[in-house]
Amino acid sequence: MSSKAVTDTLKALDERVIEFMNKYALSGLGIGVVQDGKLIYAKGFGTAEASTGRPVTPQTNFRIASISKTFTAIAVMQLWEQGKFKLDDPVNKYLKSYKVLHNDPNAPAVTIRHLLTHTSGIGEMRDMKDLLQGMLMGEREEKKFKQRVPPLAEYYNGVLAPDVYPEKKWAYANNAYATLGQLIEDLSGMPFRDYMVQHVFDVLGMPHSDFTLTERVSEQLAQGYTMKKGKLSFVDYVEFPGHAAGTAMSSVDEMGRYLAALMNGGTNDFGTVIQPETLKKMMTPHYQEHPNLGAMGLGFFLENLDGHQAAWHGGALEGFNSALWVAPDDKLGVFMSANSNTRAIYHFGKDVLRSLIGLPGYEKRLPKPDVAITPHLWKDMVGSYAPYKGFNSNARIWLTYGGEIEIYVDGSKLKMRSLSGPYKKGIELYPVDSKDPLSFENVTDGKLLQLAFQRNAEGFIDHLSISALSFYTFYKIPEKQSLRFGLKVLKTVGMVLGAVLVLRRLFGRKRKK
């Protein structure tokens, strides 16, 4: 990091923010930059509420969605510091009103560490019915609870059932963090919201942040919008079970205080929320498929930004997207939140942090001139790859990749393509590590994807892992078992049937004549 990099970044930041907002048609955006524990840049752009013309300011509150999980993780680790539990204890040892139980009675117990790292095997939705309603009918979970939000014990009907065994895969799980909120209640004897206000927000000097819509946040809360048919549409404020997973609201000013604590060992000008060694533990990898890929800490995603360690989290709710990035060793952090939807904000936050550190953008990152390709290995890499079983826990793989990916050779290039999503047309894989010919990267639209093939005990490449802000692992499958092969067969059958119908019509006409 250099002071010049920070100065140059701030000088150009207004224009970069406006360019970003214009590209994604955002109503409003707040952004703050923290250096050495001080908020050195805090601005609002655009409109917080279109009907009144209220502008976004550094005091505007946004629904920061899943960034809530980092606060929840800190609260859990406060209780860990007090000796209330061990990370590898089964969570059921402490839950009082419901249990986390796999349908298989022989399944390993889900631990608190599993919940914190998204390795519990818990799926995307509460059950398959909810998942199918969401994926096929477009019914948003939170819209079911306009009148009343049930307690988790009622919502789960006494049992939250994981989709697969713990540690079989990494799968982002809101229900896992909802359960951590219940754990906080059961261990502390306090309602989750009250605990978070008293032991987290107030300690950090965040009097206008909250997990529920109270007077702390309501006056300055931005209105959420979503783009529909070319128009920004009003999004109703709704809550949902499991506040710990994503209902927090805060502002640039107060998230700046949070960033200050994250880069200073858990302490800011207002107090200490967690001990330095505990925060360091939270920002240490607890799940990582490969050294060249991103990792999962306790509540935080972790990335190596060309030698600079960073922790981050994003947040998405209908009408809102947010990103928090911090490089503790560099004493730099950035928070931004928009009251319109675009997940590109996660990448924008990362780009701004890279600039502050003094790192270049990704535009000229690849190919690496000092790393040679290894085409003699490609034959071992090509093929179809599918995720480990579990439809509910694979929901995001279906949405992002169409359920599987294919590695193939196109001329003189090794490529990857998915059945749907941003990689459907295929992307080139560039080698990036001269010591590890199985590590690759791609940059598409400024977004970095990292991929590592891995060998099994017999030395054969049998799976690959991808890090693209989230983590996914795919296993090699026979071509005839792939969805792509099945679709080709269906297409061929359809063409044959179509030809038969055409011929029948032609011959039928001749007979009539």
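Now for a look at the structure at hand.

How each quantity is defined
Residues numbered from 1 in each chain as written. Predicted model: local features only at pLDDT ≥ 70, side-chain atom pairs only at ≥ 80, totals over all residues. Heavy atoms only, no water. Phe/Tyr/Trp six-rings, centres within 6.5 Å; stacked < 30°, edge-to-face > 60°. Helix = DSSP H or I, 4+ residues; strand = E, 2+ residues; numbered from the N terminus. Lys NZ or Arg CZ within 6 Å of the ring centre and 35° of its normal. Buried < 20%, exposed > 50% of the residue type's maximum accessible area, 1.4 Å probe, protein only. Pairing = 2+ DSSP bridges. Core = buried A, V, L, I, M, F, W, Y, C linked by side-chain atoms within 4.5 Å. Contact = heavy atoms within 4.5 Å. 1 Å grid on protein atoms, 1.4 Å probe; cavity = no way out; pocket = protein on both sides within 12 Å on 5 of 7 lines; lining within 4 Å. Points joined across faces, edges and corners; volume = space filled by probe spheres on them. Salt bridge = Lys/Arg side-chain N within 4 Å of Asp/Glu carboxyl O. Expected span 1.5 Å × (residues − 1).

**Notes on the packing of aromatic side chains**
Item 1. Counted under the stated rule, the structure contains 24 aromatic pairs.
Item 2. Between Phe-301 and Phe-471, the aromatic rings sit 5.8 Å apart at their centres with planes inclined by 40 degrees, giving tilted as the arrangement. Of the two residues, Phe-301 sits in strand 11 (residues 301-305) while Phe-471 sits in strand 23 (residues 470-477), which places them 170 residues apart along the sequence.
Item 3. By the ring-pair criterion, three or more aromatic residues cluster together here, those being Trp-170, Tyr-172, Tyr-287, Phe-301, Trp-312, Trp-325, Tyr-346 and Phe-471.
Item 4. The ring of Tyr-408 has Arg-417 lying over it, and the distance from NZ or CZ to the ring centre is 4.0 Å.

**Points about the pairing of strand 12 (residues 308-317)**
Item 1. With 8 of its 10 residues buried, strand 12 lies for the most part within the structure.
Item 2. Pairing between strand 11 and strand 12: 5 bridges, direction antiparallel. Each bridged residue has a counterpart across the sheet, and for Glu-303 the counterpart in strand 12 is Ala-310.
Item 3. The turn linking strand 11 back onto strand 12 is made up of 2 residues, and Asp-306 within it adopts a positive phi angle of 50 degrees.
Item 4. Sheet analysis places strand 12 next to strand 13 (residues 320-327), joined by 7 bridges and oriented antiparallel.

**Quick look at the nonpolar core**
Item 1. Counting residues in each nonpolar core, the largest one holds 67 residues, and the members touching the most others are Phe-71, Leu-116 and Tyr-258.
Item 2. Where this core is concerned, the elements lending two or more residues are helix 2 (68-81), helix 3 (112-117), helix 5 (152-155), helix 6 (174-188), helix 7 (192-201), helix 8 (252-263), helix 9 (276-282) and strand 13.
Item 3. Those residues within four positions of Leu-116 in sequence are excluded, and the remaining contacts are Ala-73, Val-76, Met-77, Leu-87, Tyr-177, Leu-180, Met-296, Gly-297, Leu-298 and Gly-299.
Item 4. Core analysis: the second largest hydrophobic core is formed by 39 residues, Leu-13, Trp-312, Ala-338 and Ala-344 among them.

**Looking at the sheet that holds strand 20 (residues 439-444)**
Pairing between sheet strands relies on hydrogen bonds along the backbone, with the strands arranged either parallel or antiparallel.
Item 1. If you walk across this open sheet you meet the 9 strands as 18-17-16-15-23-22-21-20-19, and the pairing is antiparallel. What marks the edges here is a single partner per strand, and that holds for strand 18 (427-428) and strand 19 (430-431).
Item 2. Across 6 bridges, strand 16 (residues 405-410) lies against strand 17 (residues 413-418) in antiparallel orientation. Along strand 17, the bridge assignment pairs Ile-407 with Met-416.

**Some words on the layout of surface pockets**
Item 1. What the second largest pocket holds in volume is close to 590 Å³.
Item 2. Where the lining of the second largest pocket is concerned, the elements lending two or more residues are helix 8, strand 11, strand 12, helix 10 (344-357), strand 20 and strand 21 (447-455).

**Overview of the pattern of salt bridges**
Item 1. What the rule picks out here adds up to 20 salt bridges.
Item 2. Of the charged contacts in the structure, one is a salt bridge between Glu-406 and Arg-417, with a shortest N-O distance of 2.8 Å. With a gap of 11 residues between them, Glu-406 in strand 16 and Arg-417 in strand 17 connect regions that are remote in the sequence.
Item 3. Given a relative accessible area of 23%, Arg-417 falls into the partly exposed group.
Item 4. When salt bridges with common partners are traced through the structure, they connect Arg-193, Asp-194, Asp-202, Asp-210 and Arg-216 into a single cluster.

**Comments concerning unusual backbone geometry**
Item 1. Residue Pro-367 is bonded to the preceding Leu-366 through a cis peptide linkage, with omega at -5 degrees.
Item 2. With respect to the helices and strands, the residue Pro-367 is situated in the loop between helix 10 and helix 11 (378-381).
Item 3. One non-glycine residue, Ala-65, lies in the positive phi region at around 50 degrees.
Item 4. In the Ramachandran plot, Asn-157 falls in the positive-phi region, its phi being about 55 degrees despite a non-glycine side chain.
Item 5. When you line up the elements, Asn-157 lands in the loop between helix 5 and strand 6 (159-160).
Item 6. What makes Asn-157 exposed here is its relative accessible area of 70%.

**Digging into the sheet that holds strand 11**
Item 1. Strands sit in the order 3-2-1-14-13-12-11-10 across an open sheet of 8 strands; the sheet is antiparallel. Looking along the sheet, the strands with just one partner apiece sit at the ends: strand 3 (54-55) and strand 10 (295-296).

**Considerations on helix 6**
Helical geometry note: an α-helix holds 3.6 residues per turn, so side chains three or four residues apart project in the same direction.
Item 1. When the terminal C-alpha atoms of helix 6 are compared, their 21 Å separation across 15 residues agrees well with the 21 Å that a helix rising 1.5 Å per residue should span.
Item 2. Taken from the residues just after helix 6, Gly-189 is the one with a positive phi, measuring 75 degrees.

Keep in mind that these numbers describe shape and distance, not what the molecule does.
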